[in-house]
Amino acid sequence: MTYAEVHQRSLSDREAYWAEQAALVDWQQPFTRVCDNDNPPFTKWFTGGTTNLCHNAVDRHMATRPDAPALIFVSTETGQERVYSFSELHAEVQCMAASLLALGVKQGDRVLVYLPMIPEAAFAMLACARIGAIHSVVFGGFASVSLASRIDDAEPVVVISADAGSRSGKVVAYKPLLDEAIRLAAHKPKAVLMVDRGLSAFERVPGRDADYATLREQHRATVVPCTWVDSTHPSYTLYTSGTTGKPKGVQRDTGGYAVALAASMKQIFMGQPGETFFSTSDVGWVVGHSYIVYGPLIAGMATIMYEGLPTRGMDGQPDAAIWWSLVERYKVTAMFSAPTAVRVLKKQDPAALKKYDLSSLRALFLAGEPLDEPTARWISDALGRPIIDNYWQTESGWPILTVANGIEPRASKFGSPGVPMPGYDVKLVDEATGEELKGANQKGVLVIEGPLPPGFMQTVWRDDARFVKTYWQSVPGRQVYSTFDWGIRDEDGYFFILGRTDDVINVAGHRLGTREIEESISSHPAVAEVAVVGVADNLKGQVAMAFVVLRDAAFAADANDALKLEGDIMKVVDTQLGAVARPARVRFVNSLPKTRSGKLLRRALQAVCEGRDPGDLTTIEDPTALLQIKALFTPA
Ligand code: PRX
């Protein structure tokens, strides 16, 4: 069947299509219904069925490939490299699962995972899935305030963490950040399970902090069978940013997710059992959940987990070819990364890419932010391999738009992630009227008509009302899921993404809410008002730019005072949210450009920062506000 036929069938004969895909995974009890959409937009997939993600990722491969590599851990930070076979992974996951059970974790309990890119992060996720606990992985780069808000929302029984992460050879102690977060949080976890990497000495809180090495040793022989859970049982929550300052817990099911990942591994990533998948993401992001841990393992592939920079070798010395050396050594067939990482490599010697044999690699998949044409061309020429852009979100869990070469080989178009994947009824609508834009090359909001396909978020954790209000009521007159992205579709049906419709910015593939950064900056005593916007950046795609009105202009009286205050404000963001959220610059201004009704003119502000025309300014209260900002961005 052609792509068009498959896509059409996935929508018009939804039940039969997904029932077929569901055969890609194991079920303990078969489902009685494929798609239950009796209470939209809360779609349930494969109801009546029971299954387990860990069984599908690990146990079911034990019969056919127990000795095949499953998890390949490479750290250029610590110079470690270790391959776990499926049976070794099976054993490790059971040690972790037994440890969690010993700490009192039960089915449905949350376990918060705050770990660097080490094998224990994968063991922890799989162990939770094994016993029916719900994991909530928080990116290791997040600081105490971010972590505390997630602890309060998830209310974990146990937090799994480590002494430290490492970035470019510099040790980043996690334990003090975690202790501070637990101090700030209203909810107190019963236990903290500590993985001691020996990187940074830390203090243990008696009665609360457990040592993983000790528990692992005690449970080396403990058998922990998989708990069969309902298909709709939540497997995890993962926090992501939106328009408000409060991050949303994206909640995913079990059965639908397993099926969606299994289908995507075949249709999009063309992964076969025994092959190797290499995603350079982090377990703290959705790409890490779907395509470092669950997707490749469900497909019976080995997955590479890489801790380190793309430009640093095993010996700690600069090496722009480290990724490609791994492709050669482990015969990687599919690689997944982000455009920012490629832009980092672009600055290095292109010969680095030619040093290794990349003939095993079928394609490089890129996602998370717009893929600009020069970057796509550069990496495509340098690798001599297809570059496949794919567009999706934390909410969707797997690609919404891309080309499915596993269904039908199809040309990619530079600048376009591609076409809708099976199950996705993607439309463009007019922002103001909600009317569908059917013609080619019309710009509209990219929406998805329900029911959403398997794998998509079920709801916002403990906040069904927020799920409905945020995602399903933003387009006037229609109940459709809004992606909050602008898009157009060309004559051939290829989509192009034109940026967000809300206040979310994308810094080096990291999704950040400007509201969160503004709230953090506002907590500095000198700050009266603040606006944060995303500004185009050659390397990171976008960077955050902060404009601050001070309580007293004298705080930044001269250049030195201003520089010091800028540094202090950046430090506040670092300690509250983490360095990922730190603005590139904090500029001090007399006033912010607002409408007469007091609404910040974000788009005008952003345009001026990027040297573009700010557009219609008839509603502006005080035009000098924008002029002052314009002067900051005009070379003298
Ligand atoms: O704005 C879109 C952008 O990233 C957002 C989702 O980010 P996140 O939840 O972190 O999930 C990333 C999963 C890959 C989207 O709403 N985005 C993601 N992929 C692309 C993209 N923008 C343009 N092209 C893409 N391929």
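Because the structure is predicted, anything quoted here is derived from the model rather than measured.

Quick notes on the overall build of the chain
Across its full length, the chain holds 18 helices and 32 strands. Against the compact-globule benchmark of 26 Å for 636 residues, the chain has a radius of gyration of 24 Å, which places it among compact chains. Each of the three principal axes of the chain carries a C-alpha extent, and together these read 70 × 60 × 55 Å. When each of the 636 residues of the chain is scored for burial, the buried share is 61%. Put simply, 69% of the contacts in the chain that link residues at least 6 apart link residues at least 24 apart. Of the roughly 24000 Å² of accessible surface on the chain, 52% is carried by carbon and sulfur atoms. In the chain, 64 side chains carry a positive charge and 73 a negative one; their mean positions are 1 Å apart.

Thoughts on the site of the ligand
Around the ligand, a shell composed of 17 residues is seen, among which Asp 389, Thr 394, Asp 485, Arg 500 and Arg 511 lie nearest. Backbone polar atom of Glu 369 to a nitrogen atom of the ligand: 3.3 Å apart, as the coordinates give it. For the ligand, an oxygen atom lies 2.8 Å from a polar atom in the side chain of Arg 500. When the ligand is considered free in solution it has 540 Å² of accessible area, and contact with the protein chains removes 94% of it. Residue assignment for the shell around the ligand shows that the elements contributing at least two residues are helix H10 (286–298), strand E20 (387–390) and strand E27 (495–500). Split into classes, the residues belonging to the shell around the ligand amount to seven nonpolar, five polar and five charged.

Considering the pattern of salt bridges
Within this structure, the stated rule accounts for 37 salt bridges. Residue Glu 395 is joined to Arg 511 by a salt bridge in which the shortest nitrogen-to-oxygen separation is 2.9 Å. Of this pair, Glu 395 sits in the loop between E20 and strand E21 (401–402) while Arg 511 sits in strand E29 (residues 510–513), placing them 116 residues apart in sequence. Note on accessibility: Glu 395 and Arg 511 belong to one class, buried. Where salt bridges share partners, they join Asp 503, Arg 515, Glu 518, Glu 519 and Arg 602 into one cluster.

A look at helix H13 (residues 373–383)
Among the residues of H13, Thr 375, Ala 376, Trp 378, Ile 379, Ala 382 and Leu 383 are the ones counted as buried. Buried residues of H13, viewed axially, fall in a sector of 165°; they line one side. Away from its buried face by more than 90 degrees, H13 exposes Pro 374 and Asp 381. Residues of H13 that are buried sit in contact with helix H11 (322–329), helix H12 (339–346), strand E19 (363–367) and E20. One or two positions beyond H13, positive phi appears at Gly 384, with a value near 65°.

Quick word on the nonpolar core
Counting 119 residues, the largest nonpolar core has Leu 100, Leu 126, Leu 193, Tyr 291 and Tyr 294 as the members making the most contacts within it. In terms of residue count, the dominant contributor to this core is helix H5 (residues 119–131) (10 residues). Among residues more than four places away in sequence, those in contact with Tyr 294 are Leu 53, Met 125, Leu 126, Ala 129, His 135, Tyr 257, Leu 261 and His 289. With 32 residues, the next largest nonpolar core counts Ile 322, Trp 324, Val 332 and Leu 361 among its residues.

Rules and cut-offs
- Residues numbered from 1 in each chain as written.
- Predicted model: local features only at pLDDT ≥ 70, side-chain atom pairs only at ≥ 80, totals over all residues.
- Heavy atoms only, no water.
- Helix = DSSP H or I, 4+ residues; strand = E, 2+ residues; numbered from the N terminus.
- Rg over C-alpha atoms; globule rule 2.2 N^0.38 Å.
- Buried < 20%, exposed > 50% of the residue type's maximum accessible area, 1.4 Å probe, protein only.
- Contact = heavy atoms within 4.5 Å.
- Areas by Shrake-Rupley, 256 points an atom, 1.4 Å probe, with all protein chains shown as cover.
- Lys, Arg positive; Asp, Glu negative; His and termini not counted.
- Charge placed at Lys NZ, Arg CZ, Asp CG, Glu CD.
- Near = heavy atom within 4 Å.
- Polar contact = N/O pair within 3.5 Å; in protein donor to acceptor, adjacent residues only side chain to side chain.
- Nonpolar A, V, L, I, M, F, W, Y, C, P; charged D, E, K, R; others polar.
- Salt bridge = Lys/Arg side-chain N within 4 Å of Asp/Glu carboxyl O.
- Arc of directions from axis to C-beta.
- Core = buried A, V, L, I, M, F, W, Y, C linked by side-chain atoms within 4.5 Å.

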